[in-house]
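# Structural features, examined
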Amino acid sequence: AIANQGKFIIRIEDTDQSRTVPGAADNLIETLGRFGIVSHENIEFQSKRKAKYLSEVNKLVDNGGAYPCFCTPERLLSMRQTNKNSMYDKFCRSVSATEAQRRREEGEPHTIRLRVPG
């Protein structure tokens, strides 16, 4: 970035809190610093932008560009074990918008998947 008159900005991807390791971000920043690599701006933690991301995700779902997936981790693991190419089978793509909204409002665990052709 610097060679092209740009800025080097460190962004910490910490939106998946279940996989966040305490102290990992500090360790990364410290390690980069030992090599003289420092951020030219404040270090950005992606989790601090969660409200913006949720707003954009909801727009994608509302316009049909994405859909909620309610598959359990167990179902996904089973699918990966039996499906050699490990591709998601789009099982929840056919859940109606009304049903998906109800399940989301009830707090059922889910993730959001992009609706890609095919």
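Now for a look at the structure at hand. (Residues numbered from 1 in each chain as written. Predicted model: local features only at pLDDT ≥ 70, side-chain atom pairs only at ≥ 80, totals over all residues. Heavy atoms only, no water.)

Two side chains with opposite charge may pair up if their charged atoms get near one another. Applying the stated criterion across every chain, the model contains ten salt bridges. Of the charged contacts, one joins Arg102 and Glu99 as a salt bridge, the two residues approaching to 2.6 Å between their closest N and O atoms. A residue pair is termed a helical-turn pair when its members lie 3 or 4 positions apart in one helix, as Arg102 and Glu99 do in helix 4 (residues 97-105) at three residues. Residue Arg103 pairs with Glu108 through a salt bridge whose shortest N-O separation is 2.8 Å. (Salt bridge = Lys/Arg side-chain N within 4 Å of Asp/Glu carboxyl O. Helix = DSSP H or I, 4+ residues; strand = E, 2+ residues; numbered from the N terminus.)

The next thing to look at is the packing of aromatic side chains. Throughout the structure, instances matching the rule amount to zero aromatic pairs. One Lys or Arg, Arg103, reaches over the ring of Phe70 and ends 4.1 Å from the middle of that ring. Seen from the ring of Tyr88, Arg113 lies directly overhead, with NZ or CZ sitting 3.6 Å from the centre. (Phe/Tyr/Trp six-rings, centres within 6.5 Å; stacked < 30°, edge-to-face > 60°. Lys NZ or Arg CZ within 6 Å of the ring centre and 35° of its normal.)

A word on the state of the cysteines. Taken as a whole and judged by the stated rule, the model has zero disulfides. Cys71 forms no disulfide, and the closest cysteine sulfur to it belongs to Cys92, at a distance of 3.7 Å. When its relative accessible area of 13% is taken as the criterion, Cys71 is described as buried. Cys92 sits in the buried class, given a relative accessible area of 4%. (Disulfide = S-S within 2.5 Å. Buried < 20%, exposed > 50% of the residue type's maximum accessible area, 1.4 Å probe, protein only.)

Structurally, Gln46 is set in the loop between strand 2 (44-45) and helix 2 (50-62). Its relative accessible area of 12% is what places Gln46 among the buried residues. In terms of polar contacts, Gln46 uses its side chain to reach the side chain of Tyr53, at 2.7 Å. In contact with Gln46, other than residues within four places in its own chain, are Arg11, Ile12, Glu13, Asp14, Thr15 and Tyr53. (Polar contact = N/O pair within 3.5 Å; in protein donor to acceptor, adjacent residues only side chain to side chain. Contact = heavy atoms within 4.5 Å.)

This part takes up the side chain of Asp14. Locating Asp14 in the fold gives a position in the loop between strand 1 (11-12) and helix 1 (24-34). Salt bridges are absent for the buried Asp14, whose nearest opposite-charge side chain, Lys48, sits at 6.5 Å. If near-sequence neighbours (up to four positions away) are discounted, Asp14 is found in contact with Thr20, Phe45, Gln46 and Ser47. (Lys, Arg positive; Asp, Glu negative; His and termini not counted.)

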